[in-house]
Amino acid sequence: MTDRIDSVTIVGGGDAGLLAGLALRQLNRDLDVAIVDDFSQPNPQVGKASFLEIRSLLHGQLEIDERRFIQEVKPVWKLSAWFRDWCDYPEFQYPFDPGTKFPGENTPNAVERYYAWYDQLYRDPDHRTIAEEIVAQGKSPWHFDTQTGEYDRYDSSAYHLDTDRFNSFLQTLCRERDVSLVDDEIVEVESDGQRIQRLRSKRQTYESDLYVDATGFSRALRSELPGEFEDFPIPLDKACTVNVERPLSDVVPATIVDSGEYGWYWGIDTYDHRDLGYVFASDYVSDEDAKAEFVEHWEDDLAQWDATIDPDDVLIYEFDSGYYKPSWQGNCVPIGNSAGFMEPLQAPALTTNAKAAVKLSTLLSAHGRYESEQIKDSFNAWVSDAWESIYDFITIHYRYSSGDNEFWQAMQDIPISRRIELLIEEFDAVGLNRALDPTKTHPDVPSFELFQPMSFYVIMRNMGATSEFYETNRFDVSEEFLAEQREIDGATTDHVDSFLTHEEIYKTVIEAE
């Protein structure tokens with residue numbers, strides 16, 4: 001007989017643990033869920049970027065009221081990753097609406113449109129998707145719809161979040177939804193080698209049917225059970241970070257990405273601050289030299305606000321890229337950085353953590369909360385697919401990177417999966433086609449899940465990848481098509497011009513309510 005899960009203890013009260021608690025209660029209303037942590041400890045002061053699905057996860061699956069979320073968390077909307085200065089390539093964006101760059105499957109003479117993008121439009125500064133145009137104009141995705149008389153939002157957007165506001169809001173929701181928040185510190189994990197028996201703090205013992213490890217990189221629970229943490233072969237393993245104050249009028253609605261000597265820089269705008277970071281590889285540069293490079297890099301950006309970085313304020317975090325395999329072992333499920341992590345280019349962590357929490361809750365709900373090896377296998381397969389998909393998408397950014405120092409040579413040599421080899425081969429052989437997936441003819445290779453082939457092609461082409469198909473065959477792009485495209489681009493610019501800035505949405509709409 002299988003055991004039924006009636007109680008869950010989550011260790012770790014960061015966003016991963018809080019989201020796990022909310023997700024488990026959402027679909028399992030009579031499940032006893034408790035989150036144990038020392039809630040007096042400060043949150044890591046790193047702004048949270050997210051990916052496209054975060055809004056549907058928060059406001060759809062978790063049924064968090066969007067208007068309330070905006071009022072209390074005060075997110076900045078993210079429309080793209082803006083590669084402002086990446087490996088000496090001209091600046092480009094990876095927007096959250098990449099599919100709108102390409103023709104539909106039933107478009108007549110689609111090759112003309114594909115080739116036009118490949119040959120000209122991908123570098124044309126006047127050819128932008130709506131998401132890219134919002135970033136270019138420094139707007140939010142909100143605009144007033146004259147037909148409905150209400151404010152509407154462009155859907156292809158995610159969030160930048162202030163960690164303190166976000167976590168405080170999630171804690172409030174947990175209390176409202178009967179998720180217990182226990183202010184305590186776990187000091188001992190007892191297991192029999194296969195399952196966790198109990199947890200101990202200095203003042204009490206915790207016993208549950210299921211334990212969720214949300215302790216971050218310490219992985220305090222999951223590390224007590226069998227299973228290996230499979231490292232991704234990526235040298236990046238540390239990050240400098242600091243916050244600087246920034247006026248709301250200067251919000252950039254994208255994650256800013258620049259390459260550095262031994263890694264890359266990020267800029268993430270939250271409501272009050274710009275969170276600055278430098279992800280670097282400690283095998284190639286010392287902490288002190290990385291910090292000096294970090295401070296110098298941002299000097300010009302900060303001059304507009306008469307701001308500087310005090311090196312003593314710069315924090316350095318260590319991390320490892322990889323994931324537990326299997327993830328769910330015995331009666332312990334890791335969520336968040338306990339389960340896995342990928343160096344934060346394209347910011348996949350928060351969204352993946354939320355998806356994992358919802359996946360776990362869905363599986364328990366659908367099977368009456370009975371623990372079985374089949375349910376574990378299903379969850380573990382999803383986790384593996386998710387992290388391998390993220391690895392593939394991140395490595396394509398380095399496959400076509402430039403740089404002749406030892407670090408960048410190592411990044412260009414990061415192993416790619418068979419799935420990506422097939423993708424590159426197909427792009428070279430037949431060019432762009434949203435209907436083709438090279439894994440369909442290779443049943444032994446996992447299909448594309450989190451990121452579809454066209455997303456890879458946007459990155460690849462902007463980083464100089466060429467297709468033999470387009471380079472050796474002749475394709476004409478008519479003046480009629482280019483004139484039509486210029487008209488569409490102009491209409492996009494005019495449309496976005498009516499969108500509200502972040503300052504307008506908060507100062508004239510939200511605060512007026």
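Preceding this section is the structure that the text describes.
In this text the structure is predicted, and so the values were computed from the model without any measurement. (Residues numbered from 1 in each chain as written. Predicted model: local features only at pLDDT ≥ 70, side-chain atom pairs only at ≥ 80, totals over all residues. Heavy atoms only, no water.)

Comments concerning the overall build of the protein
Helix and strand counts for the protein stand at 16 helices and 23 strands. Here the C-alpha coordinates of the protein stretch approximately 75 × 55 × 55 Å along the principal axes. Taking all 513 residues of the protein together, the buried fraction comes to 56%. Across the protein, contacts joining residues at least 24 apart in sequence account for 76% of those joining residues at least 6 apart. For the protein, the computed accessible surface area is about 21600 Å², with 43% contributed by carbon and sulfur atoms. (Helix = DSSP H or I, 4+ residues; strand = E, 2+ residues; numbered from the N terminus. Buried < 20%, exposed > 50% of the residue type's maximum accessible area, 1.4 Å probe, protein only. Contact = heavy atoms within 4.5 Å. Areas by Shrake-Rupley, 256 points an atom, 1.4 Å probe, with all protein chains shown as cover.)

Considering the pairing of strand 6 (residues 92-95)
Side chains of strand 6 alternate between two faces, with Phe92 and Tyr94 and Gln93 and Pro95 buried alike. For strand 5 (residues 80-85) and strand 6, the ladder comprises 4 bridges, and the chain directions are antiparallel. Along strand 6, the bridge assignment pairs Ser80 with Pro95. (Pairing = 2+ DSSP bridges.)

What about the sheet that holds strand 15 (residues 228-231)?
Strand pairing in a sheet is mediated by backbone hydrogen bonds. Such pairs are either parallel or antiparallel. Read from one edge to the other, the open sheet built from 3 strands follows the order 15-21-23, with strand pairing classed as antiparallel. A single partner strand is all that each edge strand has here, and the edge strands are strand 15 and strand 23 (340-341). Two elements, strand 15 and strand 21 (residues 322-325), share 4 bridges in a ladder whose sense is antiparallel. Opposite Glu228, over in strand 21, you have Lys325 as the bridge partner. Sheet strands touched by helix 10 (residues 373-399): strand 21 and strand 23. Its angle to strand 21, the strand with the most contacts, is close to 160°. (Axes fitted to C-alpha atoms, helices over the stretch in contact; angles between N-to-C directions.)

With respect to the pattern of salt bridges
Under the defined criterion, the tally for this structure stands at 32 salt bridges. Between Asp320 and Arg219 there is a salt bridge, with the nearest N and O atoms lying 3.2 Å from each other. Separated by 101 residues along the polypeptide, Asp320 in the loop between strand 20 (315-318) and strand 21 and Arg219 in the loop between strand 14 (210-213) and strand 15 bring together distant segments of the chain. Exposure remark for Asp320: the relative accessible area of 28% places this residue in the partly exposed category. The buried category is assigned to Arg219, whose relative accessible area is 6%. Two residues, Glu371 and Lys376, come together in a salt bridge whose shortest N-O distance is 2.8 Å. Relative accessible area serves as the criterion here: at 9%, Glu371 is assigned to the buried category. Put simply, Arg4, Asp6, Asp30 and Arg369 are held in one network by salt bridges that share partners. (Salt bridge = Lys/Arg side-chain N within 4 Å of Asp/Glu carboxyl O.)

Focus: unusual backbone geometry
Residue Pro326 follows Lys325 across a cis peptide bond; omega there is 0°. Turning to its location among the elements, Pro326 is positioned in the loop between strand 21 and strand 22 (332-334). Phi is positive for Glu63, which is not a glycine, with a value near 55°. The topology assignment puts Glu63 in the loop between helix 2 (54-61) and helix 3 (66-73). With phi around 55°, Asp306 is a residue other than glycine that occupies positive phi space. Here Asp306 is to be found in the loop between helix 8 (299-303) and strand 20.

Thoughts on the sheet that holds strand 6
Across the sheet, which stays open at both edges, the 7 strands sit in the order 6-5-17-18-19-16-20 with mixed pairing between neighbours. Either end of the sheet is taken by a strand with one partner, and the two such strands are strand 6 and strand 20. Each neighbouring strand pair of the sheet contributes to a mean axis angle of 20°, computed without reference to strand direction. Looking at chain direction, strand 5 and strand 17 (residues 254-259) are connected through 5 bridges and run parallel. By the bridge assignment for strand 17, Phe83 is matched with Val257. Against the sheet, helix 7 (residues 287-297) touches strand 5, strand 16 (238-245), strand 17, strand 18 (263-269), strand 19 (273-280) and strand 20, its axis set at about 140° to strand 19.

Considerations on a negative patch on the surface
A cluster of like negative charges, contributed by Asp119, Asp428, Glu468 and Glu471, occupies part of the molecular surface. Locating Glu471 in the fold gives a position in helix 14 (residues 468-472). (Patch = residues over 30% accessible without salt bridge, like charges linked within 9 Å, V, L, I, M, F, W, Y side chains within 5 Å. Lys, Arg positive; Asp, Glu negative; His and termini not counted. Charge placed at Lys NZ, Arg CZ, Asp CG, Glu CD.)

Quick word on the pairing of strand 8 (residues 150-153)
Across a regular strand the side chains alternate sides, sitting on one face of the sheet and then on the other. Across 4 bridges, strand 7 (residues 142-145) lies against strand 8 in antiparallel orientation. Across the sheet, Phe144 pairs through a bridge with Tyr151, a residue of strand 8. Linking strand 7 to strand 8, which pair antiparallel, is a turn of 4 residues; within it Gly149 sits at a positive phi near 75°.

Concerning the packing of aromatic side chains
Taken as a whole and assessed by the stated rule, the structure comprises 44 aromatic pairs. Where Phe83 meets Trp86, the ring centres are 5.5 Å apart and the plane angle is 75°; that geometry is what we call edge-to-face. Of the two residues, Phe83 and Trp86, both sit in the buried class. Summarising the aromatic geometry, the rings of Trp86 and Tyr398 are spaced 6.1 Å apart at their centres and angled 50° between planes, so their arrangement reads as tilted. Here Trp86, found in the loop between strand 5 and strand 6, pairs with Tyr398, found in helix 10; they are 312 residues apart in sequence, far enough to count as distant. Across from the ring centre of Tyr370, 5.8 Å away, lies the NZ or CZ of Arg4, which sits over that ring. Here the guanidinium or amino end of Lys74 rests over the ring plane of Tyr271, the centre of that ring lying 5.4 Å away. (Phe/Tyr/Trp six-rings, centres within 6.5 Å; stacked < 30°, edge-to-face > 60°. Lys NZ or Arg CZ within 6 Å of the ring centre and 35° of its normal.)

Some words on the environment of Tyr457
Looking at the secondary structure, you find Tyr457 in helix 13 (residues 453-462). Sequence spacing of Tyr457 and Ile130 is 327 residues, and the spatial spacing of their C-alpha atoms is 19 Å. Those residues in contact with Tyr457 that sit more than four places away from it in its chain are Trp117, Leu423, Glu426, Phe427 and Leu432.

A look at the nonpolar core
Among the nonpolar cores identified, the biggest contains 138 residues, and Trp86, Leu236, Tyr398 and Leu432 are the most heavily contacted of them. For this core, the leading source of residues is helix 10, giving 12 residues. Setting aside anything within four residues of it in sequence, one finds Tyr398 in contact with Trp86, Leu236, Trp264, Glu343, Leu345, Trp408, Met411, Gln412 and Ile414. If you look at the next biggest cluster of nonpolar residues, it comprises 16 residues, including Tyr265, Tyr278, Phe294 and Trp305. (Core = buried A, V, L, I, M, F, W, Y, C linked by side-chain atoms within 4.5 Å.)

Shape is all these values report; function is a separate question.
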